[in-house]
Amino acid sequence: MDHPLPISGQTPADHALNDPIARIAVHVGDITALPETFGVDAIANAANESLAGGGGVDRAIHDAAGRDELIAYNREQYPAGCPTGLVKHSPALGLEAQGIKHILHAVGPVWPEDDAQYAMPGAPIDDTAKLGYTYADTLLASCYTQLFNLAVKYDIQHLAIPAISTGVYRFPKPRAARIAFGHAHGHLLRNDLPQRITFVCFNEED
Ligand code: APR
C-alpha cells in the first residue's frame, strides 16, 4: 500500500525526506543542558496540576529558567493551574540564553495504584479495562497531542520532551514510550511542525 502522502503535492522523494522517523530522535542527557547544535527552541516539562514546580525534571527546568519568575508567570497566567492531560505554555525566561523560546508544561497522569482506576470513567471494572487504552493511557496521550498542537500554534521548530509521568508518577516506561512515539509519528505524518522532536531520556533505562 502506498504510504499516504501527508502533505498535498509532495513527491514520494519529498515525503521520504519528511519521513517522520527521520524527524524523531532520542538523546540521553539533561533537558536543561542540551547541545546548542540541536537547535532546540522549545522544551516540555513534566509538571503537576499546581504548575508551582516540584521535583525531578520540573525542578531542573524551574531552576534553569528562574524559579521565582517562572512560578510567578504561571500563577498569573494560569491561576487555576493545569488539569491532568493538558499542557500550558510559558516563555523560556532564563533558558532563552540557550536559544530556547518556549516551555510547554505538560501534566501527565499518575499511574493508578489499583485496578479500579484503570477503567475509563463509567466503564466496567474488569480485566478487559487493562486490555485497551486505560484512563491513564488516555491522559498521557492527551499530553502528547496537546504538546504537538501547541508546537504548531507557536511555530516551534524543534521540541525536546522528557519521559513524562515515568518518574514520580510511576507510569510504566515501555508503555509510555509506545504512547509517546506513536503520537509523535502520527502527528509528524500530517504536520510540518515541529520539524523535529527529540525525546530526552535522563538515563539509559529511560
Ligand atoms: N532532564 C531530562 N529528564 C529528566 C531530568 C532532567 N533534568 N530529571 C528527571 N528526568 C526524567 C526522569 O528520569 C523521568 O524519566 O524525567 C522523567 C519524569 O520524571 P519526573 O520528573 O519525576 O516527572 P513525573 O513522573 O511526570 O512526575 C511529575 O514529579 O517532580 C514532580 O513536580 C513534578 O509533581 C510533578 C511530578
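What counts, and where the lines are drawn
Residues numbered from 1 in each chain as written. Predicted model: local features only at pLDDT ≥ 70, side-chain atom pairs only at ≥ 80, totals over all residues. Heavy atoms only, no water. Helix = DSSP H or I, 4+ residues; strand = E, 2+ residues; numbered from the N terminus. Buried < 20%, exposed > 50% of the residue type's maximum accessible area, 1.4 Å probe, protein only. Contact = heavy atoms within 4.5 Å. Areas by Shrake-Rupley, 256 points an atom, 1.4 Å probe, with all protein chains shown as cover. pLDDT = per-residue confidence, 0-100. Salt bridge = Lys/Arg side-chain N within 4 Å of Asp/Glu carboxyl O. Axes fitted to C-alpha atoms, helices over the stretch in contact; angles between N-to-C directions. Left-handed = near helix turned anticlockwise from the far one by under 90°. Nonpolar A, V, L, I, M, F, W, Y, C, P; charged D, E, K, R; others polar. 1 Å grid on protein atoms, 1.4 Å probe; cavity = no way out; pocket = protein on both sides within 12 Å on 5 of 7 lines; lining within 4 Å. Points joined across faces, edges and corners; volume = space filled by probe spheres on them. Near = heavy atom within 4 Å. Polar contact = N/O pair within 3.5 Å; in protein donor to acceptor, adjacent residues only side chain to side chain. Sits in = over half its atoms within 2 Å of the grid points. Pairing = 2+ DSSP bridges.

Chemist: Can you explain the overall build of the protein chain? Please cite residues and give values.
Modeler: Counting secondary structure elements, the protein chain contains six helices and six strands. When its helices and strands are written in sequence order, the protein chain yields α-β-β-α-α-β-β-α-α-β-α-β. Looking at the protein chain as a whole, 42% of its 206 residues qualify as buried. The contacts of the protein chain with a sequence gap of at least 6 include a subset with a gap of at least 24, amounting to 68%. Surface exposure of the protein chain reaches about 10,300 Å², of which carbon and sulfur atoms provide 57%.

Chemist: Kindly report on the confidence of the model for the protein chain, identifying the contributing residues and their values.
Modeler: The predicted structure's coordinates, where accompanied by low pLDDT, should not be read in detail. A residue-level look at the protein chain finds 84% of positions with pLDDT of 70 or above and a mean pLDDT of 90. Low confidence marks residues 1–6, where pLDDT is under 50. Its contacts with residues over four positions away, or in another chain, come to 10 contacts.

Chemist: Account for the pattern of salt bridges, with residues named and values stated.
Modeler: The tally for this structure, following the rule as stated, stands at four salt bridges. Notably, a salt bridge pairs Asp206 with Lys173, separated by 2.4 Å at the nearest N-O pair. Of this pair, Asp206 sits in the segment after β6 (196–201) while Lys173 sits in helix α6 (residues 173–190), and the two are 33 residues apart along the sequence. Owing to a relative accessible area of 25%, Asp206 belongs among the partly exposed residues under this scheme.

Chemist: Outline the packing of helix α5 (residues 135–153) against α6, supporting the account with residue identities and numerical values.
Modeler: Put simply, α5 and α6 touch, their axes get as near as 10 Å, and they point 35° apart. When the axes of α5 and α6 are compared, the crossing they make is right-handed. Of the residues in α6, those touching α5 at Asp137, Leu140, Ala141, Tyr144, Thr145, Phe148, Asn149 and Val152 are Arg175, Ala176, Ile179, Ala180, His183, Ala184 and His187. When the residues that make up the contact of α5 with α6 are grouped by side-chain class, the tally is nine nonpolar, four polar and two charged.

Chemist: I'd like to hear about the layout of surface pockets, residue by residue, with values.
Modeler: By volume, the largest pocket amounts to about 540 Å³. Along its surface, the largest pocket is lined by 27 residues, and Ala46, Gly56, Val57, Asp58 and Gly167 are the ones closest to its centre. Where the lining of the largest pocket is concerned, the elements lending two or more residues are β2 (42–47), α2 (56–65) and β6. Among the elements that take part in the lining of the largest pocket, α2 stands out by supplying four residues, more than any other.

Chemist: Just give me the short version of the site of the ligand, but keep the residues and values in it.
Modeler: Not every one of the 23 residues close to the ligand is listed here, only the nearest: Gly55, Asp58, Ser165, Gly167 and Asp206. Within the backbone of Ile31, a nitrogen or oxygen atom sits 3.0 Å from a nitrogen atom of the ligand. Between Asn48 and the ligand, the recorded distance is 3.0 Å, taken from a side-chain N or O atom to an oxygen atom. Considering the ligand on its own, with 690 Å² of exposed area, one finds that the protein chains cover 91% of that surface. When each cavity is represented as a set of grid points, the ligand is found to reside in the largest pocket. When residues of the shell around the ligand are traced back to their parent elements, those giving at least two are β2 and α2. Tallying contributions element by element places α2 first for the shell around the ligand, with four residues. When grouped by side-chain class, the residues that make up the shell around the ligand number 10 nonpolar, nine polar and four charged.

Chemist: Give a detailed account of the sheet that holds strand β5 (residues 158–161), specifying residues and quantitative values.
Modeler: With mixed pairing, the six strands of this open sheet are ordered in space as β1-β6-β5-β2-β4-β3. Whereas interior strands pair on both sides, the edge strands pair on one side only; in this sheet they are β1 (24–28) and β3 (87–91). Between one strand axis and the next, the sheet turns by 25° as a mean value, whatever way the strands run. The pairing of β3 with strand β4 (residues 102–107) spans five bridges and is antiparallel. Pairing of Lys88 across the sheet is with His105, part of β4. Contacts between α2 and the sheet are confined to β2 and β4, with β2 contributing the most and set at about 130° to the helix. Sheet contacts for helix α3 (residues 67–77): β3 and β4; angle to β3, the most-contacted strand, approximately 130°.

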